[in-house]
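Coordinate inspection notes
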Number of protein chains: 2
Amino acid sequence: MTRLAVLLLCSALASPALAQELRATGDLGVVVERATGSVLIVDQSEHAAIGRVEGLGDLSHASLVFSPDERFAFVFGRDGGLTKVDILTQKIVGRVVQSGNSIGGAISDDGKLVAVANYEPGGVNVFDADTLEQVASIPAGGKALGLEDAAGRKFVFSVWDTNETKIVDFSGSNDPVITTLSDIGENPYDALVTDDGRTYIAGLFGEDGLTAIDLWADTPEARRILPHYGRGAEEMPVYKMPHLEGWAKAGDQIVLPAIHHHEVLWVDARTLEETGRTEVHSQPVFAMARPGGRQVWVNFAHPDNDTVQVIDTMSHEIIGEMKPGPAVLHMEFTSRGTEAWVSVRDENKVVIYDTTTLEPIGEIAAESPSGIFFTARAHRLGL
Amino acid sequence: MTRLAVLLLCSALASPALAQELRATGDLGVVVERATGSVLIVDQSEHAAIGRVEGLGDLSHASLVFSPDERFAFVFGRDGGLTKVDILTQKIVGRVVQSGNSIGGAISDDGKLVAVANYEPGGVNVFDADTLEQVASIPAGGKALGLEDAAGRKFVFSVWDTNETKIVDFSGSNDPVITTLSDIGENPYDALVTDDGRTYIAGLFGEDGLTAIDLWADTPEARRILPHYGRGAEEMPVYKMPHLEGWAKAGDQIVLPAIHHHEVLWVDARTLEETGRTEVHSQPVFAMARPGGRQVWVNFAHPDNDTVQVIDTMSHEIIGEMKPGPAVLHMEFTSRGTEAWVSVRDENKVVIYDTTTLEPIGEIAAESPSGIFFTARAHRLGL
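A brief look at the structure comes next.

Cut-offs and rules
Residues numbered from 1 in each chain as written. Chains lettered and ligands numbered in written order. Predicted model: local features only at pLDDT ≥ 70, side-chain atom pairs only at ≥ 80, totals over all residues. Heavy atoms only, no water. Helix = DSSP H or I, 4+ residues; strand = E, 2+ residues; numbered from the N terminus. Rg over C-alpha atoms; globule rule 2.2 N^0.38 Å. Buried < 20%, exposed > 50% of the residue type's maximum accessible area, 1.4 Å probe, protein only. Areas by Shrake-Rupley, 256 points an atom, 1.4 Å probe, with all protein chains shown as cover. Lys, Arg positive; Asp, Glu negative; His and termini not counted. Charge placed at Lys NZ, Arg CZ, Asp CG, Glu CD. Pairing = 2+ DSSP bridges. Axes fitted to C-alpha atoms, helices over the stretch in contact; angles between N-to-C directions. Phe/Tyr/Trp six-rings, centres within 6.5 Å; stacked < 30°, edge-to-face > 60°. Lys NZ or Arg CZ within 6 Å of the ring centre and 35° of its normal. Least-squares fit on C-alpha atoms with pLDDT ≥ 70 in both. Contact = heavy atoms within 4.5 Å. Salt bridge = Lys/Arg side-chain N within 4 Å of Asp/Glu carboxyl O.

Once that is clear, we can look at the overall build of chain A. Regarding its fold elements, chain A presents one helix and 32 strands. At 21 Å, chain A has a C-alpha radius of gyration in line with the 21 Å of a compact globule built from 383 residues. Seen along its three principal axes, the alpha-carbon backbone of chain A occupies a region of about 80 × 50 × 35 Å. Out of the 383 residues belonging to chain A, those deemed buried represent 60%. Approximately 14500 Å² of chain A is accessible, and the part contributed by carbon and sulfur atoms is 47%. Of the charged side chains in chain A, 30 are positive and 55 negative, and the gap between their average positions amounts to 4 Å.

Moving on: the sheet that holds strand β25 (residues 295-300) of chain A. Strand pairing in a sheet relies on backbone hydrogen bonds. The paired strands run either parallel or antiparallel. Residues and elements named next belong to chain A. Taken together, four strands build an open sheet; the order of strands is β24-β25-β26-β27 and the sheet is antiparallel. Two strands lie at the open edges of the sheet, namely β24 (284-289) and β27 (318-322), each paired on one side alone. Direction aside, the axes of adjacent strands within the sheet are offset by 20° on average. In this structure, β25 lies alongside strand β26 (residues 308-312), joined through five bridges in antiparallel fashion. What sits directly across from N299, in β26, is V308.

To continue, consider the packing of aromatic side chains. Per the counting criterion, the structure on display carries ten aromatic pairs over all chains. Taking the centre distance of 5.7 Å and the plane angle of 35° together, the rings of W160(A) and F205(A) count as tilted. Of this pair, W160(A) sits in the loop between β13 (154-159) and β14 (164-169) while F205(A) sits in the loop between β17 (199-204) and β18 (210-214), and the two are 45 residues apart along the sequence. Grouping residues by exposure puts W160(A) and F205(A) together as buried. Taking the centre distance of 5.7 Å and the plane angle of 85° together, the rings of W297(B) and F333(B) count as edge-to-face. With W297(B) in strand β25 (residues 295-300) and F333(B) in strand β28 (residues 328-333), this residue pair connects regions lying 36 residues apart in the sequence. When sorted by exposure, W297(B) lands in the same class as F333(B), which is buried. Cluster of aromatic residues (ring-pair linked, three or more members): W297(A), F333(A) and Y353(A). The side chain of K84(A) reaches across the aromatic face of F72(A), ending 4.5 Å from its centre. Lying over the aromatic face of F205(A), R231(A) brings its terminal NZ or CZ to 4.1 Å of the ring centre.

With that out of the way, let us pick up the relation of the copies chain B and chain A. Under the fitted operation, chain B is carried onto chain A by 0.0 Å of movement along the axis and a turn of 180°, and the coordinates agree to an RMSD of 0.0 Å. The two molecules are tied by a two-fold rotation axis, judged by turn and shift. Most of the interface of chain B is mirrored in chain A: 100% of its interface residues are interface residues there too.

Side chains that differ in sign of charge can pair as their charged atoms come close. Residue and element names in this part refer to chain A. Tallied over the entire structure, the rule returns 41 salt bridges over all chains. Ionic pairing is found between R277 and E263, a salt bridge with its closest N-O pair at 2.6 Å. With R277 in strand β23 (residues 274-279) and E263 in strand β22 (residues 263-268), the pair connects residues that are 14 residues apart, well separated along the chain. Of the residues examined, R277 reaches a relative accessible area of 39% and is grouped as partly exposed. By relative accessible area, which is 21% here, E263 ends up partly exposed. Measuring nitrogen to oxygen at the nearest pair gives 3.8 Å for the salt bridge that ties E321 to K323. Each of R23, D43 and E46 takes part in salt bridges that share partners, so that together they form one network.

Written as structure tokens, this is what we have:
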């Protein structure tokens, strides 16, 4: 064997380690590039992209979750693809196309199970987070959505067609105990879990109001809240309804985008009753609280989606307005809130703002960026 | 060349990279070994120690904070030593002995500044987090303590001898603007900042009650709360007073150890008024909320410090009691609350509990372990 042959052999053996320098993962993030089926891996401290991973399929409306060690991103594509990306080696390490049409997923609190909600054929599929082998399939009589994790290896989701919410408890084994709540409201279309993991809130397309479920109760029950929140008699397509992840908890308040009105609503987090409204630039999409909840940043629907407004959560007044560029799709704060990263789809960039001065302090090129996800999400409940 | 020879050669060539394999940092932690001046680096997912770093000086009452990327731990020793540990390479990369006697520190929200509170000669020293070069010295007329970070590159601390709290604002530059609040109460001895970064609460040794300061107010003012919380007429040494980091926020409630009584107190997080008490095993030291706030775990003072109790935060009833071993000094939850790690000093071990079953599921050898710190702390305010 020649010396060259040895070196080539060594290089092949060692390349997975040598290709990548030692790197901590607490300040990394993943940006979805929706048009190209790729994700950009970014470093918050460097204000830079450090890699791109391609081949993830249809990433329109894609979202993702992180493994507890922040090494792996599980990316949920619109086409039913579930892709596991190693953000240290910047490679796809697993991929299954698990249904024809899916809409979001979740990772169990212990990091062992990844669940995906499906429109076609409906129901939820659950996978081993290590191997992506399927461990369970939860049938439902229709489109599954609003899939969230809850404490104790549980998942919660709702079913558009049957007006049900299902609590799926994997605490004992991979053979889950399923509790079904009926008649939670007409056509649930999305949901959220509060940051303490306690309350599941489902949005309804078929009627006004929302449904709250106390997951800590011995017998969880559906309770109607905010009876005037909804589209009313307005004819609207489902995709014009705000995503409920657009809600934000800011101290004692929940802030949410009004439907079809140029307002955000303030809700008492304890009573879940409305306490006020703030008039904003246009139809809000996301109202996101800076960590700690001192301000809320709001972006807007087409054609007014070049603007971001910042609202003081004590006074409820608008204290800043920026124009990052056309088609601001998403915002993500660094974990202690010093920066906000804003995706500007139609200028192919992510703009970084100082949250104190509201001035741009950096910019990263990205292909039609949509969702921005920082690894600190690995440590949060109900995502 | 034999196959074995190739493998050996490859192994040698690759060793610089293989000695430290690529590793994500989201599930790592640092355990203080107080008697030996060392720290143990642990991996939550593996339930194992992955390294030890020695030479950190006097680590009695040591605490630490993490850099935003979770790569570095800044360890505050009792002897004034500030040591920067690289938890990936498991080496000390910087160390200064910055005073004769210090008690805790903090890292600014942007991760650029590390501040240390000093008893001797008093005041606070501030260092560049990259280089450990000193960038500022904040004088005070006595012992500095209760040093916490606040939003916008601020630090807050109190002064035992002068009854003052100082807000140190580094937002403009490394030449800080200092606001001093006088007469906050007699002999502040410790403090905390709530998890939203809004409220600074100082404990008082010289009188009953505590002092709360709203850091979001245009003009922050000291306000007296919980007038009956204190040692009363009891003669007690300062070190018998509970550390205020022993407080926990559990949903709408704050839980705190009573002083000199076998009780924990429940306080409304909104009004800061007491709402109830739960009788516990002995004098509590830490009352720590599982992430999400569903339960609170309590440990106790000598000689009853072999016990941990678990309290339901909805019913305020004790639902579990464990005996991990003699001298339980600290507890730390994994970030989504599925496990609790408990240090048992006098049996030289850390015991890992499943928070659902309350059964031990792992154990790690450690030399006289005290504080356990997981890297997810890098993402929290007011630590």
